[in-house]
Amino acid sequence: MKKYLVAPLLACALCCQPAKAQQSHVNIQFDPQRNTENILPFCASVLSPEVHDDHTVTFRVKAPNAKEVLLNGTMFVGPDARKKVPFIKGEEGIWELTIGPLTPEIYFYYIDIDGVNNIDPNNTFVGHACMPGFSQLIVHGDEPAWYDPKPNIPHGTLTTHYYYSEVTQGLRDMIVWTPANFDPNKKYPVLYLMGGSGDLTETWVMHGRANWILDNMLAEGLMEEMIVCFPNNQMVTRMHPQHTELAFPLIEQEYLKSIIPFVEEHYPAIRDKHARAICGLSMGGRMSQYVGLRNADVFGSVGLLSGAIAVEETPLLTQPDANEQIDYLFVGGGPYERGTMARHTRLHEELDKLGVKHEYYEAGAAHDLCTWRHLLYDRFLRNLWKKQ
C-alpha cells in the first residue's frame with residue numbers, strides 16, 4: 001500500500017485522536033503541511049501537498065479519467081512566471097509531481113486538469129477573496145518564520161466590527177487588531193491597512209499573516225505599539241468599466257465619514273494626522289496615495305505597496321512644502337514586477353525628480369503577498385511613527 005492511501009476505517013479512528021498530523025488543524029502550526037503521521041486530511045483521497053523538510057513538495061491528485069494535469073502558482077516567478085509543470089500519471093489514476101526545493105514561504109497555486117484551473121481537492125488550506133478560490137502551499141523552514149504563529153509570545157486581539165455606511169448605503173465590516181497588553185486608557189496611533197483589487201476585509205489577516213507579523217515584531221521590539229484597522233476597500237464591483245473613477249472618490253468618503261470616525265469612537269486613538277497612517281497593496285496602494293495625499297491634514301504617513309497613481313492626481317507632491325506636509329512616505333514593490341504592475345517604480349523616479357522625500361525598497365518576488373509581507377515587515381512597520 002502506498003503512503004498516500006489509507007484504509008478508511010483506520011483513518012477515521014486515528015482522526016479522533018489529537019495529533020500534529022498533516023493539515024490536522026488541531027494547533028495553529030508553522031508547518032501544517034509536513035507529513036508527521038502519514039494520515040490523510042479529513043475527506044481527502046490522497047496526501048497533497050506534502051511538504052518535505054528539504055523544502056521539496058509533492059502534489060497528488062486522483063483523476064483517473066484526466067488526460068493532462070498541470071501545476072501553476074506563485075512559486076514560479078521571473079522567467080518562469082505562468083509556468084505550468086506536468087504531473088505524471090501513476091497507478092489507480094493518481095497523478096503525482098514533486099518540485100523544489102523552494103524557498104520557505106506561503107504560495108498560492110492551482111491544479112490544471114484538462115485545461116481547467118482547480119483548487120487542490122485534497123488541500124484543506126484554501127484561500128478565498130473577491131475572486132475564485134485558490135490553494136495555499138505553506139513551505140516551512142526549520143523554525144517559525146517572522147510571519148508564522150509563535151506559541152510562546154504574547155498575541156494581540158482581532159475584532160470584527162459591522163457598521164452601516166452612508167456612503168455605500170449598506171452594511172460593511174472592518175477588522176481591528178489591538179496589541180498584546182492593550183491598555184484602553186492609553187492613546188495609540190492607528191494604521192489603516194488595505195488589500196487589493198480582488199481582496200476582502202480579512203485578506204491581510206487570512207493570507208497576509210499581518211496579525212502574526214505584528215505580534216512577532218512587537219514582541220521583538222521592532223515596531224511601535226499601534227492599533228491596526230483592516231477596512232473593506234471594495235466600493236463598487238471590481239469589474240465595473242468605470243471602477244477607478246467611481247471607487248477612488250468613494251473610498252475617500254468612506255474613510256472620512258465612516259472608517260475613521262468609527263475607529264476613533266470605539267478605540268483610544270490619537271486624533272491627530274501625525275498618528276494616522278494609510279497603507280495598501282496594489283489597488284489599496286493606489287487608494288492610499290489618493291486618499292492619504294489628498295487629505296494631508298488627516299494622514300501623516302502613507303505606504304504604497306506595489307501600487308501608485310500619477311503625480312498629477314495628488315497635487316501635494318508638486319507643492320514646494322510637500323516634505324513638510326508628509327511625515328513618512330514609503331514606496332515599494334517586488335523585484336519581478338513588470339509593466340503595469342511596476343507603477344511604484346515610475347512613481348519613485350518621479351518623486352526623486354521632484355525632490356520629495358520617500359523610502360523606496362524592493363523585496364519578495366512578484367505582484368503577490370510574498371512581496372507585500374516583506375515590504376510590511378522589512379521596512380514599513382519598522383519605520384512608521386519614527387522621525388524620518
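Everything quoted here is computed from the prediction, not taken from an experiment. (Residues numbered from 1 in each chain as written. Predicted model: local features only at pLDDT ≥ 70, side-chain atom pairs only at ≥ 80, totals over all residues. Heavy atoms only, no water.)

Q: Hey, could you go over unusual backbone geometry for me, with residue numbers and the actual values?
A: Residue Ser-48 is joined to Pro-49 through a cis peptide bond whose omega torsion reads -10 degrees. Looking along the chain, the bond that leaves Gly-100 and enters Pro-101 is cis, with omega of 10 degrees. With respect to the element layout, Pro-101 can be found in the loop between β6 (94-99) and β7 (105-113). Within the chain, His-25 stands out as a residue other than glycine whose phi angle is a positive 60 degrees. One can find His-25 in the loop between α1 (8-15) and β1 (50-51). For His-25, a relative accessible area of 48% translates into the label partly exposed. Unlike most non-glycine residues, Ser-306 shows phi in positive territory, near 55 degrees. Within the secondary structure layout, Ser-306 lies in the loop between β16 (301-305) and α6 (322-325). Of the residues examined, Ser-306 reaches a relative accessible area of 2% and is grouped as buried. (Helix = DSSP H or I, 4+ residues; strand = E, 2+ residues; numbered from the N terminus. Buried < 20%, exposed > 50% of the residue type's maximum accessible area, 1.4 Å probe, protein only.)

Q: Provide a residue-level description of the layout of surface pockets, including the pertinent values.
A: One number sums up the size of the largest pocket: a volume of about 1,200 Å³. As for the largest pocket, its lining consists of 37 residues, of which Thr-74, Arg-82, Met-341, His-367 and Asp-368 are closest to the centre. Contributing elements (two or more residues each) for the lining of the largest pocket: β3 (69-73), β7 and α8 (369-383). For the lining of the largest pocket, the leading source of residues is β7, giving 3 residues. Within this model, the second largest pocket holds a volume of roughly 330 Å³. Along the wall of the second largest pocket there are 18 residues; nearest its centre are Ile-28, Gln-29, Phe-125, Ile-138 and Arg-209. Elements with a minimum of two residues in the lining of the second largest pocket: β10 (134-139), α2 (203-206) and α3 (210-219). Class assignment for the residues of the lining of the second largest pocket results in 10 nonpolar, 7 polar and 1 charged. (1 Å grid on protein atoms, 1.4 Å probe; cavity = no way out; pocket = protein on both sides within 12 Å on 5 of 7 lines; lining within 4 Å. Points joined across faces, edges and corners; volume = space filled by probe spheres on them. Nonpolar A, V, L, I, M, F, W, Y, C, P; charged D, E, K, R; others polar.)

Q: Provide a residue-level description of helix α7 (residues 343-354), including the pertinent values.
A: Compared with the 16 Å implied by 1.5 Å per residue over 12 residues, the 17 Å span of α7 between its first and last C-alpha is a close match. The secondary structure elements touched by the buried residues of α7 are α5 (283-294), β16, β17 (328-333) and β18 (359-362). Backbone geometry just after α7 places Gly-355 at a positive phi near 75 degrees. (Expected span 1.5 Å × (residues − 1). Contact = heavy atoms within 4.5 Å.)

Q: Which residues make up the packing of helix α4 (residues 243-266) against α5, and what values do they have?
A: Packing of α4 against α5 brings their axes to within 10 Å, and their N-to-C directions diverge by 55 degrees. With respect to their mutual orientation, α4 and α5 come out oblique. The interaxial crossing formed by α4 with α5 has right-handed handedness. Packed against α4, whose contacting residues are His-243, Thr-244, Ala-247, Phe-248, Pro-249, Ile-251, Glu-252 and Tyr-255, the element α5 presents Met-283, Arg-286, Met-287, Tyr-290, Val-291 and Arg-294 at the interface. Class assignment of the residues belonging to the contact of α4 with α5 gives a composition of 9 nonpolar, 2 polar and 3 charged. (Axes fitted to C-alpha atoms, helices over the stretch in contact; angles between N-to-C directions. Parallel < 35°, antiparallel > 145°, perpendicular 65-115°, else oblique. Left-handed = near helix turned anticlockwise from the far one by under 90°.)

Q: Any details on the sheet that holds β1? Residues and values, ideally.
A: Reading across the sheet, the 4 strands line up as β1-β2-β6-β5 and stay open at both edges, with antiparallel pairing between neighbours. Single-partner strands in this sheet number two, and they are β1 and β5 (88-89). Sheet topology places strand β2 (residues 57-62) next to β6; 6 bridges connect them, and they run antiparallel. When the sheet's bridge partners are listed, Arg-60 is paired in β6 with Glu-96. (Pairing = 2+ DSSP bridges.)

Q: Explain the packing of aromatic side chains to me, using residue names and the numbers behind them.
A: Tallied over the full model, the rule gives 13 aromatic pairs. The interplanar angle of 25 degrees and the centroid separation of 5.2 Å between the aromatic rings of Phe-182 and Tyr-188 together place this pair among those described as stacked. Take Tyr-188: its relative accessible area is 1%, and that puts it in the buried class. An aromatic cluster is built from Trp-146, Tyr-147 and Tyr-377, whose rings are joined through pairwise contacts. Cation over ring: Arg-373 sits above Tyr-147, and NZ or CZ is 5.5 Å from the ring centre. It is Arg-382 that lies over the ring of Tyr-377; its NZ or CZ is 4.6 Å from the centre. (Phe/Tyr/Trp six-rings, centres within 6.5 Å; stacked < 30°, edge-to-face > 60°. Lys NZ or Arg CZ within 6 Å of the ring centre and 35° of its normal.)

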